[in-house]
Amino acid sequence: MKVSLKYYTIKYLITILLLIIAVWAALFYAYILDEVYDNVDDGLKNRKIQIIKAVYLDENLLKNNEFGFNEFKINPISASEHQEKNRLYNKMYYMEYDDEEQPYRVIETDFIDQFGKYQKLTIRTSTVEEDELVYDLTTALIVLYLLLVVSIMGINGFLLHRAMKPFYIILDKLKKYQFGIPSVEQPQNYSIKEFEELNIEINEMIDRNELVFQQQKQFIENASHELQTPLAIVINKIDLAIQNDELDKNNIQFFDGVKNDLRRMASLNKSLLMLSKIENNQFSSVANVNFNILITELLDSYEDFIEFKNINVNVLEKEVFEAVFNPDLARILISNLLKNAIKYNREEGHLHIMTGKDKLIFQNTGSEIPLEQDKIFTRFYKKSADSSSTGLGLSIIKTIIKQYPGWDIVYTFENGMHSFVLSDNS
């Protein structure tokens, strides 16, 4: 799932912070525990000296063979058991008050009493319970981690949002940018050097693209217009040549075939020019278009063609289909849909046109084989071997639809009927 830069950085920052706190907590715990034991050991060593001094002053202390309230005991040992060094260790002792074992720090040391006998002094003192220390430390660290996460999310979110504001302005400018459509940009004062450089580079790139776009558009228009004139002249000359009585039947058929090819070339040239103009946003003006009225007007224009093929036309106007559209593109769109439904219909076929509030449906009989849905709107796609077809009619329809967000056209084939559903979901 895609996330914004702000949440992307926070996600990794929180993960890294969690690892750092975990390592820090382990080191901190070990350090605190070491400090606790070090202080306890110093106290035990000090008590050892005091107790041995007290034994030399009061021999009755030698009878203290079990731990009492003073938390020490003295037991006689043999000369072979005598050790010079202190022994420090941890040990669990049962405590009646808590009814459970508690951790103690213990020191053992050997000495010779005033009677020359070897004695072992054992002193114990209660230490911090490690499990409670771990629990308290963990709780404190979790609270600290949550506070840090909330603080980082708030501070990082605020700072990133403020720092990235120029980036979002540049991104919004790129989203709204369209070839051939001039835009007025408000001067921006970028406090971040990188964003200022990015904005300069994008503006220069747009200027270069606009220059190339204008050159290409001018070339296409000039080339198309220049081609139309010689094509029209050649077609007229062929018409004059066909009228020559000296031509035999074969020559007449030859010239007639050449004329048809030239007409197809002229039609192809017009269609390509139309696609170029549509893609270059040269139909930018819009108005409220009533498609119901437009369909009626165009049906009258194709009346001869419909009667020639004896097609049964049925128009069902459930609701009025109106939309904000370029009037010229709307006429081209409906004209191409009608022409497609009539041209590729069979003789004595059917054409059903249904209008809804946000939908137009064109259904027609024709080939019993469905068209290829993934190819029908591509340029130069032709299902039939009709030499007069340019293969651009449906491509022009799709190109027009792309200029209007929310609009779509879908082809289906059901019960021998080819259907093109034009919908406006904007």
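This text gives an overview of the structure that appears in the document.

Thresholds applied
- Residues numbered from 1 in each chain as written.
- Predicted model: local features only at pLDDT ≥ 70, side-chain atom pairs only at ≥ 80, totals over all residues.
- Heavy atoms only, no water.
- Helix = DSSP H or I, 4+ residues; strand = E, 2+ residues; numbered from the N terminus.
- Buried < 20%, exposed > 50% of the residue type's maximum accessible area, 1.4 Å probe, protein only.
- Contact = heavy atoms within 4.5 Å.
- Areas by Shrake-Rupley, 256 points an atom, 1.4 Å probe, with all protein chains shown as cover.
- Pairing = 2+ DSSP bridges.
- Axes fitted to C-alpha atoms, helices over the stretch in contact; angles between N-to-C directions.
- Parallel < 35°, antiparallel > 145°, perpendicular 65-115°, else oblique.
- Left-handed = near helix turned anticlockwise from the far one by under 90°.
- Nonpolar A, V, L, I, M, F, W, Y, C, P; charged D, E, K, R; others polar.

## Things to note about the overall build of the chain
No. 1: Within the chain, the secondary structure is distributed over nine helices and 11 strands.
No. 2: Taken over 426 residues, the chain has a buried fraction of 34%.
No. 3: Pairs at least 24 residues apart make up 66% of the contacts formed inside the chain by residues separated by at least 6 positions.
No. 4: As displayed, the chain has an accessible area near 27,300 Å², and 56% of this comes from carbon and sulfur atoms.

## Observations concerning the pairing of strand β9 (residues 359-364)
No. 1: Direction of pairing for strand β8 (residues 350-355) relative to β9: antiparallel, over a ladder of five bridges. Paired with Leu351 across the two strands is Asn364, which belongs to β9.
No. 2: Taken together, β8 and the strand that follows it, β9, pair antiparallel across an intervening segment of three residues.
No. 3: When β9 meets strand β11 (residues 417-424), the two strands line up antiparallel, connected through six bridges. Along β11, the bridge assignment pairs Phe362 with Phe420.

## Focus on the sheet that holds β9
No. 1: Pairing is mixed in the open sheet, where five strands are placed in the order β6-β8-β9-β11-β10. Pairing within the sheet leaves two strands with one partner each, and these edge strands are β6 (312-317) and β10 (407-414). When strand polarity is set aside, the average angle formed by the axes of neighbouring strands in this sheet is 10°.
No. 2: With respect to the sheet, helix α6 (residues 291-301) is in contact with β6, β8, β9 and β10, its orientation differing from that of β8 by roughly 160°.
No. 3: Contacts from helix α8 (residues 327-343) reach β8, β9, β10 and β11 within the one sheet, and its direction differs from that of β9 by about 20°.

## Points about the packing of α6 against α8
No. 1: Packing of α6 against α8 brings their axes to within 10 Å, and their N-to-C directions diverge by 55°. Our classification of the angle between α6 and α8 gives oblique. For the pair α6 and α8, the sense of crossing is right-handed. Contacts from Phe291, Leu294, Ile295, Glu297, Leu298 and Leu299 of α6 reach α8 at Ala330, Arg331, Ile334, Ser335 and Leu338.
No. 2: Partitioning the contact of α6 with α8 into residue classes produces eight nonpolar, one polar and two charged.

None of this, on its own, says anything about what the molecule does.
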